[in-house]
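Chain residues, written in single-letter form:
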Amino acid sequence: MKQRKMGSLDWPVSALGFGAMRLPGRRFNRLVPDQAKSSAIIRSGIDQGINYVDTAYVYPGSERAVGEALKDGYRERVHLVTKLPVFLTRKSEDFDKYLATSLERLQTHYLDAYLLLEQLADVYRRRMAVPCTACRYCMPCPYGVNIPQNFAIWNNVSMNDKGWQSGRIKRSYRKLARTPAKVNLEKPNGSAAVCTKCRACVPKCPQEIDIPNELVKCEAALR
Ligand code: SF4
Ligand code: SF4
């Protein structure tokens, strides 16, 4: 694993870090991490050279799952970072409360860095049409729909206040294939219009987005 210097810090960090925002979920509640799978994936990453693990107070179940995974000597092998929910912090005591809770969940007495999770991200999320993170786990679609691209265009339009820019973004949607004959399965270029609602993509989405239904709304908004 390649290592790099991290910003102005002296840390030699692995080129790949482990972001614990979305850990493998339990079968019937995907927002609750499956501990055995989470520990396995985190430890496997560390065993292969990852030495930077990042979580946050507000990632559901993440800090506790990371704390469990970093038992048995794994904590000492990583730079561990979590984040203060600034948008929930009203008074100075809140800082101590959130920090103490994070340390307790992570089963450690120190953090290597403590980042500030700003409300901006929250505002950004509220303005998104669909909470797609472009992870691409839903791809490939057997019918050639480029799911993340459709959602990215829709989100760009919904977050854009400037009418002329929205027009330009919408034109990029119209360049996507609108009929099966124009779809390129090798380089998926399908718009929401070619979705057959087969639902093959739905179980793959960690955001639990009802992809075909959201694509119907996307097409209505952009066509
Ligand atoms: S539901 Fe639509 S987007 Fe999802 S796999 Fe089927 S055709 Fe593709
Ligand atoms: S799996 Fe979900 S979040 Fe990821 S790209 Fe597909 S729709 Fe977006």
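Note that the structure is predicted; figures quoted are calculated from it, not measured. (Residues numbered from 1 in each chain as written. Chains lettered and ligands numbered in written order. Predicted model: local features only at pLDDT ≥ 70, side-chain atom pairs only at ≥ 80, totals over all residues.)

Q: Would you mind going over the sheet that holds strand β6 (residues 52-54) with me for this structure?
A: Strands pair in a sheet through their backbones, by hydrogen bonds, and they do so in one of two ways: parallel or antiparallel. What the four strands build is an open sheet, ordered β3-β6-β7-β8; its pairing is parallel. The sheet is open, and its two edges are formed by β3 (18-19) and β8 (113-117), each paired on a single side. Together, β7 (79-85) and β8 form the strand contacts of helix α3 (residues 92-106), whose direction differs from that of β7 by roughly 140 degrees. (Pairing = 2+ DSSP bridges. Helix = DSSP H or I, 4+ residues; strand = E, 2+ residues; numbered from the N terminus. Contact = placed C-beta atoms within 7 Å. Axes fitted to C-alpha atoms, helices over the stretch in contact; angles between N-to-C directions.)

Q: What exactly am I supposed to notice about the confidence of the model for the protein chain here?
A: Detailed reading of the predicted model is not advised wherever pLDDT is low. Residue-level pLDDT values for the protein chain average 90, and 94% of them are 70 or greater. For the protein chain, helix α4 (residues 119-127) is the element with the lowest average pLDDT, namely 69, and helix α1 (residues 35-47) is the one with the highest, namely 98. (pLDDT = per-residue confidence, 0-100.)

Q: Even after reading the chapter, I still don't get the site of ligand 2, so can you show me in this structure?
A: Cys-132, Cys-135, Cys-138, Pro-148 and Cys-205 are the nearest of the 15 residues found near ligand 2. Considering every element that reaches the shell around ligand 2, the biggest residue donor is helix α5 (residues 147-158), with three residues. Its residues assigned to classes, the shell around ligand 2 comprises eleven nonpolar, two polar and two charged. (Near = placed C-beta within 6 Å. Nonpolar A, V, L, I, M, F, W, Y, C, P; charged D, E, K, R; others polar.)

Q: Honestly, the domain arrangement of the protein chain in this entry has me stumped. Any pointers?
A: Interfaces are often described in size by the accessible area the parts lose on coming together. By the assigned domains, the protein chain splits into domain 1 (3-125) and domain 2 (128-222). Here the C-alpha centroids of domain 1 and domain 2 sit 31 Å apart. (Domains from an automatic or database assignment.)

Q: Honestly, the nonpolar core in this entry has me stumped. Any pointers?
A: Looking at soluble globular proteins, one finds that nonpolar side chains tend to be buried together. Ranked by size, the top nonpolar core spans 21 residues in total, and within it Val-145, Ile-147, Ile-153, Trp-154, Leu-215, Cys-218 and Leu-222 carry the most contacts. Elements that contribute at least two residues to this core include exactly α5, α6 (163-174) and α7 (211-222). Per element, the largest residue contribution to this core is five residues, and it comes from α5. If we ignore the near neighbours within four places in the chain, the residues touching Trp-154 are Ala-129, Val-130, Cys-218, Ala-221 and Leu-222. Counting residues in hydrophobic clusters, the runner-up holds 17 residues, among them Val-13, Ile-50, Ala-65 and Ala-69. (Core = buried A, V, L, I, M, F, W, Y, C linked by C-beta atoms within 7 Å. Buried ≥ 20, exposed ≤ 12 C-beta atoms within 10 Å, placed from the backbone.)

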